[in-house]
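One letter stands for each residue in the lines below.
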Amino acid sequence: MTRARFQVVACNMAGVLAVEAETARAFPRHSHEQFGFGLIERGAQRSLSGRGVVEAGCGDLITVNPGEVHDGVPLGADGRAWRMLYLDPAVVTESVCDVSEGKTRTCEFVRPVLRSDALTNAFRALYSALTAPQAAQAGLRRDEALALLVYGLVREHPSEPLPAVPAAIRRARELLDDDPTAPVTLTELACASGLSRFQVVRGFSRAFGLTPHAYLIQRRIDLARHLITGGATLSEAAAASGFADQSHMTRHFVRRFGFPPGALSAVAS
């Protein structure tokens, strides 16, 4: 069986995170605040996406939208290897606006898995340029590759509406979003939404792919990530984002992402 390896790689562009992984780990449902582009380098996996269950193999590009709940299970005992770029929404918005000549600032990827030699080449070029140690020399190559990749993905991904979230469930989510660090009970969510406690759990899971508790943990992870990349220590981030302690926060990071929060501190410093 493949030994697990995760590496968070420093990027020379603000708002971008690079991750390299090789593992047989199965990941639970989770989400990211960023857009994600990735390339399966070896092996294959099956995963939930916003468009259903999909499979990706060696040479396939994978995409994920901000907030899109997904998981990942290897197909085979040897696991799989991939490289991934996570881009803050502002980075993608600027690029989409540019490639559309100002006609749109929105983008959603509705094909979680695709195979394209042109887009694969664009991804490899972008990854290489973003992780190059000499940012000044890689700047033009980086910006060019990002424009080509976003243009290709936008063309590959036609607009396709997602099901609407019921108003009652939106109210429950808003209560969690208002203060992710606050201890919220299921009874409070039920009162806010006008539903029974069971209806909240069932409706929330159907709408967002996560139970209310799992969603709350995800929001706390998102908050901790912002604090850590902003310069907070791990203990400060854990306390400020609602975790019991640093080890509690670390366990949730590793379970969902494969790497500890300290890896973010290393590339942020």
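That block above? That's the structure.
Residues numbered from 1 in each chain as written. Predicted model: local features only at pLDDT ≥ 70, side-chain atom pairs only at ≥ 80, totals over all residues. Heavy atoms only, no water.

## Comments concerning the overall build of the chain
Put simply, the rule is: A helix here means a DSSP run of H or I that spans at least four residues, while a strand means a run of E at least two residues long, and both kinds are numbered starting from the N terminus. Buried, partly exposed and exposed residues are distinguished by accessible area as a fraction of the type maximum, computed with a 1.4 Å probe on protein chains only: under 20%, between the cut-offs, and over 50%, respectively. Contacts were defined at the residue level, with two residues in contact if any of their heavy atoms lie within 4.5 Å. Note on areas: these come from Shrake-Rupley sampling with a 1.4 Å probe, and a residue is covered only by the protein chains present in the view. For the purpose of counting charges, residues Lys and Arg are taken to be positive, whereas Asp and Glu are taken to be negative. His and the chain ends are not included. Charge positions come from single atoms, namely NZ of Lys, CZ of Arg, CG of Asp or CD of Glu.
If you tally the helices and strands in the chain, you get 10 helices and nine strands. Dimensions of the chain, computed from the C-alpha atoms along their principal axes, are close to 55 × 40 × 40 Å. A burial count over the chain gives 46% of its 269 residues as buried. By sequence separation, contacts in the chain at least 24 residues apart represent 68% of the contacts at least 6 residues apart. Surface summary for the chain: the accessible area is close to 13,000 Å², and the carbon and sulfur share equals 53%. Charged side chains in the chain number 29 positive and 27 negative. The centres of these two groups are separated by 5 Å.

## Considering helix H5 (residues 186-193)
Quick reminder of the rule: Note that the arc is defined by the directions from the helix axis to the C-beta atoms.
The complete set of buried residues in H5 reads Leu189, Ala190 and Ser193. Seen from one end, H5 has its buried residues packed into an arc of 100 degrees, which puts them on one side. At its buried positions, H5 is contacted by helix H4 (167-178), helix H6 (197-208) and helix H7 (212-229). Looking one or two places after H5, you find Gly194, whose phi comes out positive at around 75 degrees.

## Observations regarding helix H9 (residues 246-257)
Here is the rule we go by: Every helix has an expected span of 1.5 Å times one less than the residues it contains.
Spanning 12 residues, H9 covers 16 Å between terminal C-alpha atoms, matching the ideal 16 Å at 1.5 Å per step. In this fold, the buried residues of H9 make contact with strand S1 (5-9), strand S3 (27-30), H7, helix H8 (234-240) and helix H10 (262-268). Positive backbone phi, at 90 degrees, marks Gly258, one or two positions downstream of H9.

## Points about the pattern of salt bridges
One side chain can pair with another of opposite charge once the charged atoms of both are near each other. To keep it simple, the criterion reads: The salt bridge criterion pairs a side-chain nitrogen of Lys or Arg with a carboxyl oxygen of Asp or Glu, the two atoms within 4 Å.
For the structure on display, the rule yields 11 salt bridges. Measuring nitrogen to oxygen at the nearest pair gives 4.0 Å for the salt bridge that ties Glu22 to Arg5. Taken together, the residues Glu22 in strand S2 (residues 16-23) and Arg5 in strand S1 connect sequence positions 17 residues apart. For Arg42, the salt bridge is made with Glu22, and the minimal N-O distance between the two is 3.2 Å. A residue pair is termed long-range when its members are at least 10 positions apart, and Arg42 in strand S4 (residues 35-49) and Glu22 in strand S2 qualify at 20 residues. What makes Glu22 partly exposed here is its relative accessible area of 23%. Because the salt bridges share partners, they merge into one network encompassing Arg5, Glu20, Glu22 and Arg42.

## A look at the packing of H4 against H5
The line we're drawing: Every axis corresponds to a line fitted to the C-alpha atoms, with the helix fit spanning only the stretch in contact, and the corresponding angles, defined between N-to-C directions, vary from 0 to 180 degrees. Any angle that is under 35 degrees is reported as roughly parallel, and any over 145 degrees as roughly antiparallel; angles of 65 to 115 degrees are reported as roughly perpendicular and all others as oblique. Left-handed describes a crossing whose near helix is turned anticlockwise from the far helix through less than a right angle; right-handed describes the clockwise counterpart. Side-chain classes follow a simple rule in which Ala, Val, Leu, Ile, Met, Phe, Trp, Tyr, Cys and Pro form the nonpolar group, Asp, Glu, Lys and Arg form the charged group, and the remainder, Gly included, forms the polar group.
The contact between H4 and H5 brings their axes to 8 Å, and the two run at 135 degrees. Between H4 and H5, the angle falls in the class oblique. The two elements H4 and H5 meet at a crossing, and its hand is right-handed. Contacts from Ala168, Arg171, Ala172, Leu175 and Leu176 in H4 reach Glu188, Leu189, Ala192 and Ser193 in H5. Taken together, the residues of the contact of H4 with H5 break down into six nonpolar, one polar and two charged.

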